[in-house]
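# A closer look at the structure
Residues per chain, in single letters:
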Amino acid sequence: MLDTIFQGVFDSALTSVISVADFMLCLGLSLLLGLVMAFAYMYRTRYTKSFVVTLALLPAVVCVVIMLVNGNVGTGVAVAGAFSLVRFRSVPGTAKEICTLFLAMGAGLIAGMGYLGFAVLFTVVMCVMFLLYNRLDLGARKNAAIYKTLAVTIPEDLDYTDVFEDVFQEYTASHDLVCVKTTNMGSMFRLTYHVTLRDITKEKEMIDKLRCRNGNLEISVSRQETAVAEL
């Protein structure tokens, strides 16, 4: 009776039917692997609940799809066409989030093909390497420290074209004027630069020279935003 309930309407004698026990085994293992990947992603990472839940369930979804289309070319093409219509209606993901989604899909794909041992091995190895690379700095802090966004306020009678050129030549490896904005009822200009410092220890020395040049008006230095172009 149980086999009849889970038998497909279009199944025939030539169609291989997945047993309920095998289905539940693959599905349960996929859910477990998704949970492991979700916990690995949560380690020392800012996350949202929706993304963690998606990451935990994605291997099981992929596993079921692969099990049902395994050996059926026509169904596989139909499913691929249906998935091509899906679009994420959210903010763009970071490289780290995209990588974890691909890892979850890979684990579900292996489990759906029936290679449960390989699925477990793949998940363990990739989670260990994911945690290892996540702990390594790989020069990210030093790289972030030298890239700054510099905002300088100058009087309207001061030509901003190359007024700070000599200072930038001395303290920066590169500089780029990205924004010019009038402020204080048009009596001042606010210049925004993207600069790459030669030596992060001389940041204050550079600011002091800029203050002498702009009449001790407001100057701000902040970390350059790179989240949008993180890929």
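Above this text is the structure in question.
Now for a quick tour of the structure. (Residues numbered from 1 in each chain as written. Predicted model: local features only at pLDDT ≥ 70, side-chain atom pairs only at ≥ 80, totals over all residues. Heavy atoms only, no water.)

In this section: the pattern of salt bridges. A side chain with one charge can pair with a side chain of the opposite charge if their charged atoms come near. Within the structure shown, the criterion is met by five salt bridges. Residue Glu 218 pairs with Arg 190 through a salt bridge whose shortest N-O separation is 3.6 Å. Here Arg 190 lies in strand E3 (residues 188–197) and Glu 218 lies in the loop between helix H9 (203–213) and strand E4 (219–223), a separation of 28 residues in the sequence. The closest approach of N and O atoms between Lys 204 and Asp 208, which form a salt bridge, is 3.0 Å. Highlighted residues: Lys 204 and Asp 208, both in helix H9, separated by four residues, approximately one helical turn. Overlapping salt bridges bring together Lys 204, Asp 208 and Arg 211 as one network. (Salt bridge = Lys/Arg side-chain N within 4 Å of Asp/Glu carboxyl O. Helix = DSSP H or I, 4+ residues; strand = E, 2+ residues; numbered from the N terminus.)

Moving on, we get to empty space enclosed by the protein. Summed over the entire model, instances satisfying the criterion amount to one cavity of 30 Å³ or more. The calculated volume of the largest cavity comes to roughly 50 Å³. As for the largest cavity, its lining consists of Met 37, Ala 40, Tyr 41, Leu 55, Thr 100, Leu 103, Cys 127 and Phe 130. Listing elements by their share of the lining of the largest cavity, those giving two or more residues are helix H2 (20–42), helix H5 (95–112) and helix H6 (116–135). Among the elements that line the lining of the largest cavity, the one with the most residues is H2, at three residues. Grouping the amino acids of the lining of the largest cavity by side-chain chemistry returns seven nonpolar, one polar and no charged. (1 Å grid on protein atoms, 1.4 Å probe; cavity = no way out; pocket = protein on both sides within 12 Å on 5 of 7 lines; lining within 4 Å. Points joined across faces, edges and corners; volume = space filled by probe spheres on them. Nonpolar A, V, L, I, M, F, W, Y, C, P; charged D, E, K, R; others polar.)

Turning next to the sheet that holds strand E2 (residues 172–183). Backbone-to-backbone hydrogen bonds pair the strands of a sheet. The strands run either parallel or antiparallel. Strand order in this open sheet of four strands is E2-E3-E1-E4, and the pairing throughout is antiparallel. A single partner strand is all that each edge strand has here, and the edge strands are E2 and E4. On average, adjacent strands in this sheet sit at an angle of 20° to one another, irrespective of strand direction. Bridge analysis of E2 against E3 gives 10 bridges, and the strand direction is antiparallel. (Pairing = 2+ DSSP bridges. Axes fitted to C-alpha atoms, helices over the stretch in contact; angles between N-to-C directions.)

Phi at Arg 44 is positive, roughly 55°, even though this residue is not glycine. Under the relative-accessibility criterion, Arg 44 is labelled exposed at 62%. Despite not being glycine, Asn 184 shows a phi value in the positive range, around 55°. If you trace the backbone, Asn 184 turns up in the loop between E2 and E3. Given a relative accessible area of 45%, Asn 184 falls into the partly exposed group. (Buried < 20%, exposed > 50% of the residue type's maximum accessible area, 1.4 Å probe, protein only.)

Before going further, it helps to spend a moment on the side chain of Thr 100. Position of Thr 100 relative to the elements: it lies in helix H5. The residues contacting Thr 100, other than those within four sequence positions of it, are Tyr 41, Phe 51, Leu 55 and Phe 130. (Contact = heavy atoms within 4.5 Å.)

Before going further, it helps to examine the packing of aromatic side chains. With the rule as written, the count across this model stands at five aromatic pairs. Their ring planes at 70° and their centres at 6.1 Å tell us that Tyr 115 and Phe 118 sit as a pair that is edge-to-face. Taken together, the ring pairs in this structure connect Phe 164, Phe 168 and Tyr 193 into an aromatic cluster. (Phe/Tyr/Trp six-rings, centres within 6.5 Å; stacked < 30°, edge-to-face > 60°.)

Where nonpolar side chains cluster on the molecular surface, the patch consists of Leu 109, Met 113, Tyr 115, Phe 118, Leu 121 and Val 125 and spans about 590 Å² of accessible area. Looking at which element gives the most residues to the nonpolar patch, the answer is H6, with three residues. With a relative accessible area of 48%, Tyr 115 lands in the partly exposed category. (Patch = residues over 30% accessible without salt bridge, like charges linked within 9 Å, V, L, I, M, F, W, Y side chains within 5 Å. Areas by Shrake-Rupley, 256 points an atom, 1.4 Å probe, with all protein chains shown as cover.)

By themselves, these figures tell us nothing about what the structure is for.
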